[in-house]
Amino acid sequence: MTNIKKIAVLTSGGDAPGMNAAIRSVVRTCAYHDVAVLGVYRGYQGMIENDFAPLDARSVRNLVNRGGTFLKSARSKEFRTPEGRKKAYDNLVAAEADALVVIGGDGSFTGALLFNQEFGFPVMGIPGTIDNDIYGTTYTLGYDTALNTVVEAIDKIRDTASSHNRMFFIEVMGRDAGFLALNSGIGGGAEKILIPEQHSTLEDLVNEIAINHNKGKMSNIIVVAEGYTTGQNVYELKKYVEAQNPDYDIRVTVLGHIQRGGAPTCFDRVLASRMGVKAVESLLEGKSNYMVGINNDKIDLTPLEKAIKGGESKLDPDLIRIAKIMSV
């Protein structure tokens, strides 16, 4: 075991359900090992501005079921500069912190890696993003909760789509990855799923809608990832399809930030608890520059640099095939 006596923890980037549960796990694991905890408010910006508060096992009670992050999150342009990172380092040292746990996405991990390289400060990452697009882990914190939120919304929209014979374009988050769209589309029984990883044309979409119409499908649910690359946003997509299919009553629903909120699912709560324990105990064992992940239901470590630069987390091609079969 190392001589680490105090660990700082922060959340950075977009919030995700399960972040509070992860903070709770970090704090209580530290308490179990008699290690002090320094909560950093507003991510890296809080490090620069010395926005710290001590945390103990009681200060994180009633957090496991809360969405968002009570430590807040913010983007920091200043932390991208060497001067900003030096200020953050000086503040952590003055606060007697010996290591740092960063809960966030690849941008947050890039900052953590730079911080370690410049100052030799031990860091450990916990992946928190609803997009599920980080290399080195099958699931990120918040993804399962967001997925269930989207499926619930699709179920409700289908009720009104069926009642009025309407077609709905439902836009979900996923700027660079289609995990949310693909899995919610299958789970919600969507007739078509549009994701960044597949470059189908608008003509292909119109043809598939016509085929469905000929099969007697009078209502359709089409799930669209926000990063779907046709060069048109979902409203322009709706107008194009509407022009080609005047018989359809077409509506658009953009789920937006509703996907980020809400109480985390049991899966995300348990995952956050497991990841928090692993992050703290790995630091106490002298490890640094790793991201905690889950693979084959086992919690393991991936070097931060590999998590950032190792490539995109890939969709299961069999799921894409299944989605096509289910839309028949």
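Rules of the game
Residues numbered from 1 in each chain as written. Predicted model: local features only at pLDDT ≥ 70, side-chain atom pairs only at ≥ 80, totals over all residues. Heavy atoms only, no water. Buried < 20%, exposed > 50% of the residue type's maximum accessible area, 1.4 Å probe, protein only. Helix = DSSP H or I, 4+ residues; strand = E, 2+ residues; numbered from the N terminus. Pairing = 2+ DSSP bridges. Right-handed = clockwise from strand over helix to strand, strands pointing away. Domains from an automatic or database assignment. Contact = heavy atoms within 4.5 Å. Buried area = accessible area lost by both parts, 1.4 Å probe. Salt bridge = Lys/Arg side-chain N within 4 Å of Asp/Glu carboxyl O. UniProt positions renumbered as here; feature names shortened; annotations may be inferred. Polar contact = N/O pair within 3.5 Å; in protein donor to acceptor, adjacent residues only side chain to side chain. Expected span 1.5 Å × (residues − 1). Axes fitted to C-alpha atoms, helices over the stretch in contact; angles between N-to-C directions.

Caption draft 1: Summary view of the pairing of strand E1 (residues 6-11). With 6 of 6 residues buried, E1 is to be regarded as a mostly interior element. Here E1 shows two buried faces, one formed by Lys6, Ala8 and Leu10 and the other by Ile7, Val9 and Thr11. Sheet analysis places E1 next to strand E2 (residues 36-40), joined by 4 bridges and oriented parallel. Note that in E2 the partner of Ile7 across the bridge is Val37. Following the chain from E1 across helix H1 (residues 19-32) to the adjacent parallel E2, one finds a crossover that is right-handed. Pairing of E1 with strand E4 (residues 99-104) involves 5 bridges; the strand directions are parallel. Of the residues in E4, the one forming a bridge with Leu10 is Val102.

Caption draft 2: Examining the domain arrangement of the protein chain more closely. When the domains of the protein chain are assigned, the result is domain 1 (6-142 + 264-310) and domain 2 (143-260). On a C-alpha basis, the centres of domain 1 and domain 2 stand 34 Å from each other. With 16 residues of domain 1 at the interface, the matching set in domain 2 holds 12 residues. Together domain 1 and domain 2 conceal approximately 1200 Å² of surface at their shared face, both sides included; 56% is due to carbon and sulfur atoms. Among the residues of domain 1 in contact with domain 2, Ile130, Asp131 and Asn132 are the three that bury the most area, contributing 44% of the side total. Where domain 1 meets domain 2, there are 0 salt bridges.

Caption draft 3: Up close: the UniProt feature "active site" (unreviewed entry) in the protein chain. With numbering aligned to this structure, UniProt lists the feature "active site" (unreviewed entry) at Asp131. Residue placement: Asp131 occurs in the loop between strand E5 (123-127) and helix H5 (143-164). Taking the relative accessible area as the measure of exposure, Asp131 reaches 17% and is therefore buried. Not counting residues within four places of it along the chain, the set of residues in contact with Asp131 comprises Met173, Gly174, Ala177 and Phe179.

Caption draft 4: Representation of the side chain of Lys192 within the structure. Relative to the elements of secondary structure, Lys192 occurs in strand E7 (residues 192-194). Residue classification places Lys192 among the buried residues on the basis of a relative accessible area of 17%. In terms of polar contacts, Lys192 uses its side chain to reach the side chain of Glu208, at 2.8 Å. Not counting chain neighbours up to four residues away, the residues in contact with Lys192 comprise Leu205, Glu208, Ile221, Ile222 and Val223.

Caption draft 5: Highlighting the environment of Ser108. Tracing the backbone through its elements, the reader meets Ser108 in helix H4 (residues 106-119). Each C-alpha atom, one on Ser108 and one on Gly43, is 8.9 Å from the other, the two residues being 65 residues apart in sequence.

Caption draft 6: Region of the structure containing helix H7 (residues 202-214). Here H7 is 13 residues long and its end C-alpha atoms lie 19 Å apart, about the 18 Å a rise of 1.5 Å per residue gives. For H7, the elements touching its buried residues are strand E6 (166-172), E7, strand E8 (220-225) and helix H8 (234-244). Gly216, located one to two residues past H7, shows a positive phi value of around 95°.

Caption draft 7: Broad picture of unusual backbone geometry. Even without being a glycine, Asp34 presents a positive backbone phi close to 60°. As for its placement among the helices and strands, Asp34 is situated in the loop between H1 and E2. At Arg42, a residue that is not glycine, the phi angle is positive and equals roughly 65°. What makes Arg42 partly exposed here is its relative accessible area of 25%.

Caption draft 8: Summary view of the sheet that holds E7. Here we have 4 strands laid out as an open sheet, ordered E7-E8-E6-E9, and parallel in their pairing. Each edge of the open sheet is held by one strand with a lone partner, namely E7 and strand E9 (249-254). Across the sheet, the axes of successive neighbouring strands diverge by a mean angle of 20°, strand direction being ignored. As paired elements, E6 and E9 share 6 bridges and run parallel to each other. Across the sheet, Phe169 pairs through a bridge with Val252, a residue of E9. H8 contacts E6, E7, E8 and E9 of the sheet and is inclined by roughly 170° relative to E9.

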